[in-house]
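Now for the letters of each chain:
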Amino acid sequence: MIPARYQASRFPAKLMQDLAGKPVIQRTYEATVETGLFDEVYVVTDSDTIFDLITASGGKAIMSQKAHESGSDRIAEAVETLDVDIVVNVQGDEPFTEKQSLQKVIEVFKDDTDEEIDLASLMTPIQDWDEIANPNTVKVIVDHRNFALYFSRSPIPYPRDKENKAIYYKHKGIYAFRKRALLDFRQMPISPLEASEKIEAIRFLEHGKKIRMVETEVTGIEIDTPEDLERARKVWK
């Protein structure tokens, strides 16, 4: 499921911006299909423009019936009546989505016979302090089993002791959910923590859901700003 909201706050209509001859959302959809990992791939959108684009190019799309606070809310509505076990959320602004990382996040469920894991997501180590301090970069800290402890736009852990070389992880916005966790998510109220950080994963943590983080070295380019789009165009060339 690829949630695709037309009016992004930081970069309105970013999903319809041109990337090497096709809109960003179409590039993301095609990259996701090309991994060959999924029975079905859908764009879930509130936009007639995006819906028509995907279906006209031979893709599958679902029209959201309601306004939603997050991509997870939008997907939860879409899958409620579908017969699925695991649902993967690929962000619409990730045109460089690739198989290796998606496969890693799906694999964690295969050995989870006790169904301890409610959802899984990706993280990648970062070292550049400008990126660590950038509020557009969501950071995550984990326990010794790589279950998420907290997500923040602030640098976590805070580097009070400069000699202690902590490892910082960037959260990549790809999730794999058990369907039950998604349906539960729809019933959970937004807390002040989630509202403050604008990070939907915090809602899962506050309500006791367990998020297994999987490390990947693949960074890709998430298109949050016009500058990101220009960088993506150069990489595509």
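So, here's what we can say about the structure. (Residues numbered from 1 in each chain as written. Predicted model: local features only at pLDDT ≥ 70, side-chain atom pairs only at ≥ 80, totals over all residues. Heavy atoms only, no water.)

The subject of this paragraph is the pattern of salt bridges. Under the defined criterion, the tally for this structure stands at 17 salt bridges. Glu-80 serves as the salt-bridge partner of Arg-186, at 2.8 Å between the closest nitrogen and oxygen. Highlighted residues: Arg-186 in helix H6 (residues 179-187) and Glu-80 in the loop between helix H3 (71-79) and strand S6 (86-89), separated in sequence by 106 residues. Of the residues examined, Arg-186 reaches a relative accessible area of 24% and is grouped as partly exposed. Its salt-bridge partner being Asp-228, residue Arg-231 comes within 3.6 Å of it at the nearest N-O pair. In this pair, Arg-231 and Asp-228 are both assigned in helix H9 (residues 226-236), 3 residues apart and thus about one turn of the helix distant. Asp-228 gets classed as buried once you look at its relative accessible area, which sits at 14%. Overlapping salt bridges bring together Lys-14, Asp-93 and Asp-224 as one network. (Salt bridge = Lys/Arg side-chain N within 4 Å of Asp/Glu carboxyl O. Helix = DSSP H or I, 4+ residues; strand = E, 2+ residues; numbered from the N terminus. Buried < 20%, exposed > 50% of the residue type's maximum accessible area, 1.4 Å probe, protein only.)

All right, on to the packing of aromatic side chains then. The description of two aromatic rings rests on the distance between their centres and on the angle between their planes. Applying the stated criterion to the full structure yields 5 aromatic pairs. Where Phe-96 meets Trp-236, the ring centres are 5.3 Å apart and the plane angle is 55 degrees; that geometry is what we call tilted. Remark: Trp-236 occurs in helix H9 and Phe-96 occurs in the loop between S6 and helix H4 (99-107); sequence separation between them is 140 residues. On the basis of relative accessibility, which here comes to 22%, the residue Phe-96 falls in the partly exposed class. Residue Trp-236 is classed as partly exposed on the basis of its relative accessible area, which comes to 32%. Through a chain of ring-to-ring contacts, three or more aromatic side chains come together here, namely Tyr-175, Phe-177, Phe-185 and Phe-204. One cation-aromatic arrangement involves Arg-212 over Phe-147; the distance from NZ or CZ to the ring centre is 4.4 Å. (Phe/Tyr/Trp six-rings, centres within 6.5 Å; stacked < 30°, edge-to-face > 60°. Lys NZ or Arg CZ within 6 Å of the ring centre and 35° of its normal.)

Moving on, we come to the packing of H3 against H6. Packing of H3 against H6 leaves a shortest axis separation of 9 Å and a crossing angle of 115 degrees. H6 is crossed by H3, and the crossing has left-handed handedness. Of H6, the residues touching H3 (which contributes Ser-72, Asp-73, Ile-75, Ala-76, Glu-77 and Val-79) are Lys-179, Leu-182, Leu-183, Phe-185 and Arg-186. Considered class by class, the residues forming the contact of H3 with H6 number 6 nonpolar, 1 polar and 4 charged. (Axes fitted to C-alpha atoms, helices over the stretch in contact; angles between N-to-C directions. Left-handed = near helix turned anticlockwise from the far one by under 90°. Contact = heavy atoms within 4.5 Å. Nonpolar A, V, L, I, M, F, W, Y, C, P; charged D, E, K, R; others polar.)

On to empty space enclosed by the protein, then. Within the structure shown, the criterion is met by 1 cavity of 30 Å³ or more. One number sums up the size of the largest cavity: a volume of about 60 Å³. Glu-94, Phe-96, Thr-97, Glu-98, Ser-101, Leu-102, Lys-172, Ile-174, Val-218, Thr-219 and Gly-220 are the residues that line the largest cavity. Mapped by element, the contributors of at least two residues to the lining of the largest cavity are H4 and strand S10 (168-178). Across the lining of the largest cavity, the residue classes break down as 4 nonpolar, 4 polar and 3 charged. (1 Å grid on protein atoms, 1.4 Å probe; cavity = no way out; pocket = protein on both sides within 12 Å on 5 of 7 lines; lining within 4 Å. Points joined across faces, edges and corners; volume = space filled by probe spheres on them.)

Bringing the sheet that holds strand S5 (residues 61-63) into the picture now. The strand order across the open sheet built from 3 strands is S1-S4-S5, with neighbouring strands paired in parallel fashion. Edge strands, defined here as strands with exactly one partner in the open sheet, are strand S1 (2-4) and S5. Between one strand and the next, the sheet's axes are offset by a mean angle of 25 degrees, whatever the strand orientation. Pairing geometry for strand S4 (residues 43-45) and S5, over 3 bridges, is parallel. Within the sheet, the bridge partner assigned to Val-44 lies in S5 and is Ile-62. Sitting on the sheet, helix H1 (residues 24-34) is in contact with S1 and S4, with an inclination near 175 degrees to S1. Of the strands in this sheet, S1, S4 and S5 are in contact with H3, which crosses S1 at around 115 degrees. (Pairing = 2+ DSSP bridges.)

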